[in-house]
Amino acid sequence: MPPPDDGLDEVLLNYTEHNPSGNATVLLIHGACTSGLNWDLVVPHLADTYHLLVPDLPGHGQSRNVTPFSAEYSSRLLERLIRKHAHDGSAHVVGHSLGANVAIELITTYPQVVNTAFVSGFAKYPPTKLTPFFPYGFWVDGRLQKLIPRPIVEWLMDGTDLGNSPPCSMHLCRQIAPVLVGTWPSPWPARTLIVAAGKSGILPSSDRLEDARELMEIGKEKNTQTIAVTHPLMRHPWNRQDPPLFARTARAWFEGEELPVGFHNV
């Protein structure tokens with residue numbers, strides 16, 4: 001029996017849908033301060049085969065009036081979206097950056113709607129005396145990046161097209177910060193691929209390998225096929241740096257095939 005909606009029938013996330021006749025449903029969960037549009041470069045490489053659901057998280061994009069943002073609330077609304085619109089009420093779940101944290105909350109809390117999972121850029125920061133200032137640092141970082149001319153950013157990021165998302169409001173930064181700090185998840189049953197981008201540079205763009213390892217060890221408690229890998233040429237936003245590779249990686253994981261060349265275990 002599916003869980004009750006608890007009033008969520010009155011709450012709708014904005015989402016787009018691609019290839020409804022696809023063989024299986026894939027849910028794409030975007031990162032902080034972006035929207036479902038952040039997947040626009042990946043969608044064409046998956047929509048030929050899969051049915052795609054691409055939502056805007058609470059507080060983001062066209063769901064900006066769905067508040068407050070939290071991993072728990074997001075996962076409840078995403079579970080409902082999958083249950084109502086995915087084929088057979090379940091989906092392959094893909095999450096990037098903040099969306100990776102939301103995806104882990106979803107697959108941990110609602111395993112019945114998840115087939116496999118693929119998360120990239122997951123991070124969990126330990127609480128410190130500086131934790132209360134985390135939202136301010138996040139807010140400032142977003143604005144500083146907007147001050148750098150776009151051609152320079154793309155050059156520093158190996159040609160990565162970062163899109164045109166606005167920086168986060170301070171209000172949203174305060175809601176995002178708790179998702180990235182503190183408690184680690186419980187084990188979950190879905191077979192999960194955990195990717196940590198390995199390339200840094202003048203702009204900090206590599207992911208936290210130690211977090212990928214820790215997350216893998218938790219996931220293996222209920223599914224020994226869960227793995228964590230890294231790619232030395234990929235930066236944090238590699239869904240926009242190399243969309244075809246991102247899509248091939250997702251497809252290989254969903255279908256139980258070998259990952260593309262270039263990945264190695266963390």
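Per an unreviewed UniProt entry, the protein chain is named Alpha/beta-hydrolase, and its organism is Hyaloscypha variabilis.

Colleague: Help me out: how do you make sense of the overall build of the protein chain in this one?
Modeller: Helix and strand counts for the protein chain stand at nine helices and eight strands. For a compact globule of 266 residues, the expected C-alpha radius of gyration is about 18 Å, and the protein chain comes in at 17 Å, within 12% of that figure. For the protein chain, the spread of C-alpha atoms along the principal axes amounts to about 50 × 40 × 35 Å. Per-residue burial for the protein chain yields a buried fraction of 53% across its 266 residues. Intrachain contacts of the protein chain at a sequence separation of at least 6 include 77% that bridge at least 24 residues. By element, 56% of the accessible surface of the protein chain is carried by carbon and sulfur atoms, the whole surface being about 12200 Å². Once the 21 positive and 26 negative side-chain charges of the protein chain are each reduced to a mean point, those two points are 6 Å apart.

Colleague: Just to check I follow, could you spell out the state of the cysteines for this structure?
Modeller: Formally, a disulfide is one covalent bond, and it connects the sulfur atom of one cysteine to the sulfur atom of another. Applying the stated criterion across every chain yields a total of one disulfide. What pairs with Cys33 in a disulfide is Cys168, and their sulfur atoms sit 1.4 Å apart. As the torsion about the S-S bond is roughly -100°, the Cys33-Cys168 disulfide counts as left-handed. Linking Cys33 in the loop between strand 2 (25-29) and helix 1 (43-46) with Cys168 in the loop between helix 5 (150-156) and helix 6 (170-180), this pair joins segments that are 135 residues apart in sequence. Accessibility classification places Cys33 together with Cys168 in one group, the buried group.

Colleague: Explanation requested: the UniProt feature "domain: AB hydrolase-1" (unreviewed entry) in the protein chain in the structure shown.
Modeller: Under the feature "domain: AB hydrolase-1" (unreviewed entry), the UniProt entry names residues 26-184. The distance from the first to the last C-alpha atom of residues 26-184 is 25 Å, and the span holds 40% helix and 14% strand.

Colleague: Please explain the environment of Pro178 as it appears in this structure.
Modeller: Position of Pro178 relative to the elements: it lies in helix 6. A sequence separation of 100 residues divides Pro178 from Leu78, and the C-alpha atoms of the two residues are 19 Å apart.

Colleague: Where do I start with the sheet that holds strand 3 (residues 51-55) in this structure?
Modeller: The strands that make up a sheet are held in pairs by hydrogen bonds between backbone atoms, and each pair lies either parallel or antiparallel. On the basis of which strands lie adjacent, the open sheet formed by eight strands has the order 1-3-2-4-5-6-7-8 and mixed pairing. The sheet is open, and its two edges are formed by strand 1 (15-18) and strand 8 (264-265), each paired on a single side. Strand direction decides the pairing type here: strand 1 and strand 3, joined by four bridges, are antiparallel. Each bridged residue has a counterpart across the sheet, and for Thr16 the counterpart in strand 3 is Val54. Packing of helix 7 (residues 209-220) onto the sheet brings it into contact with strand 5 (114-120), strand 6 (191-197) and strand 7 (227-231), and relative to strand 6 it is tilted by some 170°.

Colleague: Would you take a moment to explain the layout of surface pockets for this structure?
Modeller: If a probe the size of a water molecule is rolled over the atoms, the empty space left behind becomes visible. For the largest pocket, the calculated volume is near 1400 Å³. Along the wall of the largest pocket there are 43 residues; nearest its centre are Ser97, Phe138, Asp141, Gln145 and His236. Of all the secondary-structure elements, those providing two or more residues to the lining of the largest pocket are helix 3 (98-109), helix 4 (134-147), helix 5, helix 6 and helix 8 (238-241). When residues in the lining of the largest pocket are grouped by element, the largest group, eight residues, is from helix 4. Broken down by class, the residue content of the lining of the largest pocket amounts to 21 nonpolar, 16 polar and six charged.

Colleague: How should the pairing of strand 4 (residues 91-96) be read in this particular structure?
Modeller: Residues in a regular strand point their side chains to alternate faces of the sheet. Most of strand 4 sits inside the fold, with six of its six residues counted as buried. By the bridge criterion, four bridges tie strand 2 to strand 4 in an arrangement that is parallel. Counterpart to Ile29 in the pairing with strand 4 is Gly95. Direction of pairing for strand 4 relative to strand 5: parallel, over a ladder of five bridges. When the bridges of strand 5 are listed, Val93 appears paired with Ala117. In this view, the connection linking strand 4 to its parallel neighbour strand 5 by way of helix 3 has right-handed handedness.

Colleague: What exactly am I supposed to notice about the nonpolar core here?
Modeller: A general trend in soluble globular proteins is that nonpolar side chains are found buried together. Leu27, Ile29, Leu78, Val93, Leu106 and Ile176 are the most contacted members of the largest nonpolar core, which has 48 residues in total. Among the elements that take part in this core, helix 3 stands out by supplying seven residues, more than any other. If near-sequence neighbours (up to four positions away) are discounted, Ile176 is found in contact with Ala32, Cys33, His60, Phe69, Leu98, Phe138 and Cys168. Residues Val26, Tyr50, Val195 and Leu245 belong to the second largest nonpolar core, which totals 26 residues.

How each quantity is defined
Residues numbered from 1 in each chain as written. Predicted model: local features only at pLDDT ≥ 70, side-chain atom pairs only at ≥ 80, totals over all residues. Heavy atoms only, no water. Helix = DSSP H or I, 4+ residues; strand = E, 2+ residues; numbered from the N terminus. Rg over C-alpha atoms; globule rule 2.2 N^0.38 Å. Buried < 20%, exposed > 50% of the residue type's maximum accessible area, 1.4 Å probe, protein only. Contact = heavy atoms within 4.5 Å. Areas by Shrake-Rupley, 256 points an atom, 1.4 Å probe, with all protein chains shown as cover. Lys, Arg positive; Asp, Glu negative; His and termini not counted. Charge placed at Lys NZ, Arg CZ, Asp CG, Glu CD. Disulfide = S-S within 2.5 Å. UniProt positions renumbered as here; feature names shortened; annotations may be inferred. Pairing = 2+ DSSP bridges. Axes fitted to C-alpha atoms, helices over the stretch in contact; angles between N-to-C directions. 1 Å grid on protein atoms, 1.4 Å probe; cavity = no way out; pocket = protein on both sides within 12 Å on 5 of 7 lines; lining within 4 Å. Points joined across faces, edges and corners; volume = space filled by probe spheres on them. Nonpolar A, V, L, I, M, F, W, Y, C, P; charged D, E, K, R; others polar. Right-handed = clockwise from strand over helix to strand, strands pointing away. Core = buried A, V, L, I, M, F, W, Y, C linked by side-chain atoms within 4.5 Å.

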